[in-house]
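Structure at a glance
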Amino acid sequence: MYKQIALIGSPFIFQYNNIDEQLKNYLEEEIKNGCSHFLVGNLYDFDNKVFEIFRKLKKDYPQIQITQVVNEYNAYNYKVKNYSRVYETNYLFLELEEIDMTGNLLELHKFMVDNSDKIISCYNTANDIPFMEIFNYAISNQKEIINFFEFI
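The rules behind the values
Residues numbered from 1 in each chain as written. Predicted model: local features only at pLDDT ≥ 70, side-chain atom pairs only at ≥ 80, totals over all residues. Heavy atoms only, no water. Helix = DSSP H or I, 4+ residues; strand = E, 2+ residues; numbered from the N terminus. Buried < 20%, exposed > 50% of the residue type's maximum accessible area, 1.4 Å probe, protein only. Contact = heavy atoms within 4.5 Å. Areas by Shrake-Rupley, 256 points an atom, 1.4 Å probe, with all protein chains shown as cover. Core = buried A, V, L, I, M, F, W, Y, C linked by side-chain atoms within 4.5 Å. Salt bridge = Lys/Arg side-chain N within 4 Å of Asp/Glu carboxyl O. Expected span 1.5 Å × (residues − 1). Arc of directions from axis to C-beta. Axes fitted to C-alpha atoms, helices over the stretch in contact; angles between N-to-C directions. Parallel < 35°, antiparallel > 145°, perpendicular 65-115°, else oblique. Left-handed = near helix turned anticlockwise from the far one by under 90°. Nonpolar A, V, L, I, M, F, W, Y, C, P; charged D, E, K, R; others polar.

With respect to the overall build of the protein chain
When you go through the protein chain residue by residue, the secondary structure sums to six helices and six strands. Mapped in sequence order, the helices and strands of the protein chain form the string β-α-β-α-β-α-α-β-α-β-α-β. Out of the 152 residues in the protein chain, the part that is buried amounts to 49%. Restricting to contacts in the protein chain with at least 6 residues of sequence separation, those with at least 24 account for 74%. With an accessible surface of roughly 8,100 Å², the protein chain has 47% of that area assigned to carbon and sulfur atoms.

Structure, rendered in structure tokens:
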């Protein structure tokens, strides 16, 4: 059983057929096996779809806790506060040095990896260099990674 799972994915990944249904089924199995804490970012299509999936799952599994991990750039964003209300999530504010969008995203994802027992991802490791960096970081920290892009 995993205590906490981080979900990290790249933009536009849900253009592929049935990936959201596969991810929902997988998350439901993790919940049935006892996982109740999940970390999610709040920037791209992947995160938005994950929130929608959790919204559906919360109807049957009200015990699950979803935490949005946000940085200074988007912590005050309307979307973060709106998601907290609509999707019944908490949010965790990370103060990161102002690097650039890619650097801050990498730091945010490292935090998620460091504070999770397992990583569920969805990105093309051959074409997505920033996400490949976090993939390698997770491997170097001996985290189990399930990459749903491999199932497409």
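Anyway, onward from the coordinates.
Here we look at the nonpolar core
Ranked by size, the top nonpolar core spans 22 residues in total, and within it L7, L23, L27, F38, F54, L57 and I64 carry the most contacts. Secondary-structure elements contributing two or more residues to this core are β1 (4-9), α1 (19-32), β2 (37-40), α2 (45-60) and β5 (118-122). The greatest single-element share of this core, amounting to six residues, is contributed by α2. Setting aside chain neighbours within four positions, we find L27 in contact with L7, F38, I53, F54, L57 and I120. Ranked by size, the runner-up nonpolar core spans 15 residues in total, among them L39, I119, Y123 and F135.

Some remarks on the pattern of salt bridges
Between side chains of opposite charge, a pair can form as their charged atoms come close. In this structure the tally under the stated criterion is five salt bridges. Two residues, K24 and E28, come together in a salt bridge whose shortest N-O distance is 3.9 Å. Of this pair, K24 and E28 both sit in helix α1, separated by four residues, roughly a single helical turn. For the pair formed by K24 and E28, the shared burial category is buried. Its salt-bridge partner being K110, residue E107 comes within 3.8 Å of it at the nearest N-O pair.

A short note on α2
With 16 residues, α2 extends 24 Å from end C-alpha to end C-alpha; this agrees with the ideal 22 Å at 1.5 Å per step. Listed in full, the buried residues belonging to α2 are F46, D47, V50, F51, I53, F54, L57 and K58. Projection of α2 onto a plane perpendicular to its axis shows the buried side chains occupying an angular sector of 170 degrees, all on one side.

A closer look at the packing of α1 against α2
Here α1 crosses α2 at 50 degrees, and the two axes come no closer than 10 Å. In terms of orientation, α1 and α2 fall into the oblique class. Helix-helix and strand crossings are classified by hand; for α1 and α2 the assignment is right-handed. In contact with D20, L23, K24, L27, E28 and I31 of α1, α2 contributes F46, K49, V50, I53, F54, K56 and L57. Along the lines of polarity and charge, the residues of the contact of α1 with α2 split into eight nonpolar, no polar and five charged.

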